[in-house]
Amino acid sequence: MSKYLILIFQDESAAQSAGETVNPAYREFMDRHASALLGGVALESPATGTSIRRDDDGGVSVTDGLFAESKEVVGGYFLIEAADLDAALEIAKDVPAGAGVEVRPVRLAS
Amino acid sequence: MPEGASPKAASAEVAAAVAEAHRREWAFVLAATVRVAGDIDTAEEAVQDAYASALATWGARGIPSNPGAWLTTAARRRALDLLRREATARRALPKLVEPEPPPVDEQADAAAAIPDDRLALIFTCCHPALAVDTQVALTLRLLCGLSTADVARAFLVPEPTMAARITRAKKKIATAGIPYRVPDARELGPRLDGVLSVVHLVYTTGHTAPFGADLMPRDLAERGHELARLLRALLPDDPDVAGLLALVVLTEARRDARVDTAGDLVLMEDQDRSRWNQRGIAEGTTLVREALRARPPGRFALMAAIAAVHDESPSWSATDWGEILGLYDLLAEIWVSPVVRLNRAIALGFAVGPAEALVELDDLAADPRLARYPYLAAARADMLQRLGRSREARLAYEEAIILTDNAAEQDFLRRRLETMDSTS
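Residues numbered from 1 in each chain as written. Chains lettered and ligands numbered in written order. Predicted model: local features only at pLDDT ≥ 70, side-chain atom pairs only at ≥ 80, totals over all residues.

(A) Region of interest: the overall build of chain B. On a plain count of helices and strands, chain B comes out with 18 helices and zero strands. Burial analysis of chain B (424 residues in total) assigns 38% to the buried set. Residue pairs in contact within chain B that sit at least 24 positions apart in sequence constitute 60% of those at least 6 positions apart. (Helix = DSSP H or I, 4+ residues; strand = E, 2+ residues; numbered from the N terminus. Buried ≥ 20, exposed ≤ 12 C-beta atoms within 10 Å, placed from the backbone. Contact = placed C-beta atoms within 7 Å.)

(B) The arrangement of the overall build of chain A in detail. Of the regular secondary structure elements, chain A holds three helices and six strands. Starting at the N terminus, the α and β elements of chain A follow one another as β-α-α-β-β-β-β-α-β. Counting every position in chain A, which comprises 110 residues, the buried fraction comes to 19%. A fraction of 79% describes how many contacts in chain A between residues 6 or more apart in sequence connect residues 24 or more apart.

(C) Molecular detail of the pairing of strand β2 (residues 37-42) of chain A. All names here are of chain A. Among the six residues of β2, zero are classified as buried, and the element is accordingly described as predominantly exposed. Pairing of β2 with strand β5 (residues 72-82), which is carried by five bridges, proceeds in the antiparallel orientation. Residue pairing for β5: Leu37 is matched across the bridge by Ile80. (Pairing = 2+ DSSP bridges.)

(D) Representation of the interface of chain A and chain B within the structure. Taken together, the contacts link five residues of chain A with six residues of chain B. Classifying every residue of the side of chain A that touches chain B by side-chain character gives two nonpolar, one polar and two charged. (Nonpolar A, V, L, I, M, F, W, Y, C, P; charged D, E, K, R; others polar.)

(E) Quick look at the packing of helix α10 (residues 239-252) of chain B against helix α11 (residues 278-291) of chain B. Residues and elements named next belong to chain B. For the pair α10 and α11, interaxial distance at closest approach is 8 Å and the crossing angle is 155°. As far as their axial angle goes, α11 and α10 are roughly antiparallel. Here the hand of the crossing between α10 and α11 comes out left-handed. Mapping the contact onto sequence places Pro239, Ala242, Gly243, Leu245, Ala246, Val249, Leu250 and Glu252 in α10 and Gly280, Ile281, Glu283, Gly284, Leu287, Val288, Glu290 and Ala291 in α11. Of the residues in the contact of α10 with α11, the class split is 10 nonpolar, three polar and three charged. (Axes fitted to C-alpha atoms, helices over the stretch in contact; angles between N-to-C directions. Parallel < 35°, antiparallel > 145°, perpendicular 65-115°, else oblique. Left-handed = near helix turned anticlockwise from the far one by under 90°.)

(F) Up close: the environment of A:Thr50. Residues and elements named next belong to chain A. Within the fold, Thr50 resides in strand β3 (residues 50-54). By C-beta crowding, Thr50 is classed as exposed, having 10 other C-beta atoms within 10 Å. The spatial distance from the C-alpha of Thr50 to the C-alpha of Thr63 is 5.9 Å, given a sequence separation of 13 residues. For Thr50, the contacting residues outside a window of four places in its chain are Val62 and Asp64.

(G) Here's a closer look at the nonpolar core. Residue and element names in this part refer to chain B. One finds Val199, Ala246, Ala304 and Ala305 to be the most contacted residues of the largest nonpolar core, which totals 128 residues. Of all the elements, helix α1 (residues 2-37) adds the most residues to this core, at 11 residues. If near-sequence neighbours (up to four positions away) are discounted, Ala246 is found in contact with Gly284, Leu287, Val288, Ala291 and Ala304. (Core = buried A, V, L, I, M, F, W, Y, C linked by C-beta atoms within 7 Å.)

(H) Structural context of the packing of helix α4 (residues 118-125) of chain B against helix α5 (residues 132-143) of chain B. All names here are of chain B. One can describe the packing of α4 onto α5 by two numbers: an axis separation of 9 Å at closest approach and a directional angle of 150°. The angle between α4 and α5 falls in the class roughly antiparallel. Of the residues in α5, those in contact with Leu121, Ile122 and Cys125 of α4 are Gln135, Leu138, Thr139, Leu142 and Leu143. Taken together, the residues that form the contact of α4 with α5 break down as six nonpolar, two polar and no charged.

(I) Region of interest: the sheet that holds β2(A). Residues and elements named next belong to chain A. A sheet is described by the order of its strands in space; here four strands give the open sequence β2-β5-β1-β6, paired in antiparallel fashion. Edge positions in the open sheet fall to β2 and β6 (100-105), since each of these has one partner strand only. Direction aside, the axes of adjacent strands within the sheet are offset by 20° on average. Pairing geometry for strand β1 (residues 2-11) and β6, over six bridges, is antiparallel. Bridged to Leu7 within β6 is Glu102. Here helix α3 (residues 85-93) sits on the sheet and contacts β1, β5 and β6; the angle it forms with β5, its principal contact strand, is near 135°.

(J) Here's a closer look at helix α17 (residues 390-403) of chain B. Residues and elements named next belong to chain B. Between its terminal C-alpha atoms α17 stretches 20 Å, which fits the 20 Å expected from 14 residues at 1.5 Å a residue. By the burial criterion, the buried members of α17 are Ala393, Ala396, Tyr397, Ala400 and Ile401. Projection of α17 onto a plane perpendicular to its axis shows the buried side chains occupying an angular sector of 140°, all on one side. (Expected span 1.5 Å × (residues − 1). Arc of directions from axis to C-beta.)

(K) Representation of the pairing of β3(A). All names here are of chain A. Burial of β3 is sparse: only zero of the five residues sit out of reach of the surface. The sheet contact formed by β3 and strand β4 (residues 60-64) spans five bridges and is antiparallel. Considered in β4, the bridge of Arg54 is made with Val60.

(L) Examining unusual backbone geometry more closely. With an omega of -10°, the peptide bond running from B:Arg295 to B:Pro296 counts as cis. Within the fold, B:Pro296 resides in the loop between α11 and α12 (299-312).

(M) Summary view of the environment of A:Glu90. Residues and elements named next belong to chain A. Structurally, the position occupied by Glu90 is in helix α3. For Glu90, a count of 14 C-beta atoms within 10 Å gives the class partly exposed. In this structure, the C-alpha to C-alpha distance between Glu90 and Val103, residues 13 residues apart in sequence, is 11 Å.

Any functional reading would require information that these geometric values do not contain.
Printed below as a string of structure tokens:
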């Protein structure tokens, strides 16, 4: 079994107007794939993000906003366990995300 | 020295046998070795070593009766050696329990004992998690056994660029866990469609070669043809596979008539139909009938059916354009693509008239996806010429010449333009 991270992308505007309660579609997704789910969170709106960037002098600069400017922003994630990429993609296709998701294998420490 | 001649002749014979086995057995040997090695890179190294040892061993002991089985056994043994060596290197790590590699089946020399894993290899190479260009490159490298240099040449990129792309793809397969298996019945349809697209792309890249001075890099077209035949052998009951093979066979049947003795492109209109391969046409039309049995028929079956109407027509003027237009209508229903609409418009020009086709083509010209597509400009030029609108036709030909990067097609368009100038 391998671990995969499902990054959930949303339109920036949708992410900003996200409600307080868990969307019933997500509730249903989590129930259906409970056995594969290792964890997951929903994030607050992008406007609440803060970025820390390393500069050339070895210092850091702290700025308001997200690391990369983009129309679609990360709105949350699920960490899952699956036999292979096909099994992971089957689960990821069920995520009721606005824009879509990105599936990344989790690197195993050796 | 007469004694020297005989081993030399023998070694030439062995080299030819190894080359032949490379061409015919590479995919089978590699696919069977991946199953044992559990990793494409290790398998490739083992298969390359097996081919190298075949040169020496076959020279000393004679060419085996079943070269594919010999090579598979040798490659699988070598893969296990490589895995054991890796395991030994890892033994320095504390308390790491290495699973015993599976024992080599000494009876595996019998060809029947080796399962055919080529289909699994095809589906791994054509996995949708890989970019289409990468799928084509991996298919040429792993299924067809082309060297990285040859794959790079086919894509017109420098060899190190292609080597890096293939390495990255193999790393993704291993790291992301792209499975090595034939998808189950539920996923098979869409996944097979991806495989067929890749094989079709290999064939058309060789057939039309939208680049360079060579109209037909024959090797790529032949590899595409072989892949279509391999899929047909592995999935004999699939109508879409039959459709793809039909399309390839019916296009190949006209191959010899496509260029004249000077190497210039000849339009189907002007081709010497006695040079069309009747055996290929017979095989292709039988396959088309089988492919069309699917409801609704797939896109390759419909494209093949269109090719079959041309192939069976005794002359250009006798072409059944109504039938072709009807097939394009069906194709446009299942495949929303501006290129399909373009070809349908051309058929409309012959079935109904150039004015009706021009309305369609002008409408298509607004599609940004076709903005740099030379065949749209060429089709407009042809319809305008037939309507007697020479000035506009000339502009459209000039646009088409600028947009195409295929030297043979450029020459063809220039000749059309010159003919216009001399007759107007």
